[in-house]
Amino acid sequence: MTTLMKYYDKDVLKNIMAPLTLKPDRLIFFYDKGIRNKSYFCGLKSCLKRHLPLLQIEYYPVSVLNVSEIYDKTVSMIENEDTYAIDLTGGSEMMLVAGYKAGSQRGIPLYYTDLINREIIDIEDNSLVAKTIELTLEDFIEARGAEFLGNSHVEPDPKNYQNILEMCQVLFENLEQWKKTSSFLQMIVARVPPHELQISGRMEVLQKNGQKVSPNKKIMLAFQKFGFIKNLKMTKENISFSFTSLTNKQYAINFGVWLELFVFIHAKEAEAFHDVKLGLMIDWNAHDGVMITGNEIDVVLSDRSLPVFISCKLRHADIASINELVIAKKRVGGWFSKGILVSFGWDKKNRTGTYKKAKELGIELLDAQDIMSKDFGDRLVRTVREHDLVSMKWTPV
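Presented here is a report on the structure given in the accompanying data block. All of these numbers come straight from a predicted model, not from anything done at the bench.

### Describing helix α10 (residues 257-270)
Given 3.6 residues per helical turn, the α-helix brings residues three or four places apart onto the same face.
Consideration 1: Between the first and last C-alpha of α10 there are 20 Å, a value that for 14 residues agrees with the 20 Å anticipated at 1.5 Å per step.
Consideration 2: In terms of residue burial, α10 counts as a mostly covered element, since eleven of its 14 residues are buried.
Consideration 3: Once α10 ends, the next one or two residues include Glu271, with phi positive near 55°.

As structure tokens, this is what we get:
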């Protein structure tokens, strides 16, 4: 029987990468006895068991400030008839000291998992033990003790990608007109049942603020041209049309979803990422018996086993959006995660205070200049790949 011993860490990647790569028969975790909420281990066990259903998992509490106790507990787990290894990735400094001492004295291999370079090495001679496996977004979320609650928006069919991107171009080039048209559509659609596709009404409606709003003819014709509506009829006084599907109805009445769709489609078409999700809703505590959405993240993807969280704002960036993104990425990936804010402003081009704040907090920012470029997909991939997590280690976030 092969046994892998580890020291539990708050960063979920440090807990799951080595076991899922090395596939031991038995896994022993030593954890801080100060952890009172054992639900932390429920998600971890669920993730590991999904991949390794026969894996034996054991947990032992220790005082993270007592090297002797950690050493004694580690050594007590070692039996001659099994093959052992200790992964010194994660845990407190005292845990690592005790683990190194125990492994060295008992002649047990000591490993370190380099999550950025995606390899497990033997620290005695720096030799390669194994290349790490590719993790999915489900692995991160499940090991964190959270779960997916679905998507806030329906992911589009690939056959509709081009029409969506064409529609995005029209809307982005006529953003002020789109704001008014979006307000009009939301008001006129609110008057019919949720599953009704046929829409008719006056060409001018009164908003709550007393201002009148009308749809932009160019945008409505584009919606029809690219297949989101049909049978469009507009006169000076009246308008009528039909949405071609409930999904297209959802898209057409949502002002900001078009930037999310734009980023999602480019991430999918880049074929550079392992997972790409749109409008991901997350319950951060899947084991408390209460189903509550804690966050909705516009676009989430997995790049070389690291989660990337993307927030999309069809307006200027602001500090609140940056802070929200920082919290979301820390909750799932800890330090080993990336955040990108895509906003329809000029913060990056003009090096605004918001842009500088984003850089300070380790958030990459793409702005209108990037969005309107012909190579946005390439820029997105470069931004993800060139985001330097190593340099962020010494950034005061």
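Resuming the write-up.
### Examining the packing of aromatic side chains
Consideration 1: By the definition in use, this model includes 17 aromatic pairs.
Consideration 2: Taking 6.1 Å as the distance between ring centres and 10° as the angle between the ring planes, the aromatic pair formed by Phe29 and Tyr59 counts as stacked. Of the two residues, Phe29 sits in strand β2 (residues 26-32) while Tyr59 sits in strand β3 (residues 56-62), which places them 30 residues apart along the sequence.
Consideration 3: The class for Phe29 is buried, based on a relative accessible area of 0%.
Consideration 4: Owing to a relative accessible area of 24%, Tyr59 belongs among the partly exposed residues under this scheme.
Consideration 5: Ring centres 5.9 Å apart and planes at 50° place the aromatic pair Phe223 and Trp258 in the tilted group. Of this pair, Phe223 sits in helix α8 (residues 217-225) while Trp258 is found in helix α10, placing the two residues 35 residues apart along the sequence.
Consideration 6: Through pairs of rings, three or more aromatic residues link up here, namely Trp178, Phe223, Phe228, Tyr251, Phe255 and Trp258.
Consideration 7: For the cation-ring pair, Lys101 lies above Tyr71, with the distance from its terminal atom to the ring centre recorded as 4.5 Å.

### Section: the sheet that holds β3
Consideration 1: Spatial strand order, β3-β2-β1-β4-β5-β6-β7: seven strands in an open sheet with mixed pairing. Of all strands in the sheet, those bounded by a partner on one side alone are β3 and β7 (127-131). Direction aside, the axes of adjacent strands within the sheet are offset by 25° on average.
Consideration 2: By the bridge criterion, four bridges tie strand β6 (residues 119-122) to β7 in an arrangement that is antiparallel. Paired with Ile121 across the bridge in β7 is Leu128.
Consideration 3: Contacting β2 and β3, helix α2 (residues 39-51) runs over the sheet at an angle of about 155° to β3.
Consideration 4: The strands touched by helix α4 (residues 93-106) are β1 (2-7), β2, β3, β4 (83-87) and β5 (110-114); relative to β5, the strand with the most contacts, the crossing angle is about 135°.

Calculation rules
- Residues numbered from 1 in each chain as written.
- Predicted model: local features only at pLDDT ≥ 70, side-chain atom pairs only at ≥ 80, totals over all residues.
- Heavy atoms only, no water.
- Helix = DSSP H or I, 4+ residues; strand = E, 2+ residues; numbered from the N terminus.
- Expected span 1.5 Å × (residues − 1).
- Buried < 20%, exposed > 50% of the residue type's maximum accessible area, 1.4 Å probe, protein only.
- Phe/Tyr/Trp six-rings, centres within 6.5 Å; stacked < 30°, edge-to-face > 60°.
- Lys NZ or Arg CZ within 6 Å of the ring centre and 35° of its normal.
- Pairing = 2+ DSSP bridges.
- Axes fitted to C-alpha atoms, helices over the stretch in contact; angles between N-to-C directions.
- Contact = heavy atoms within 4.5 Å.

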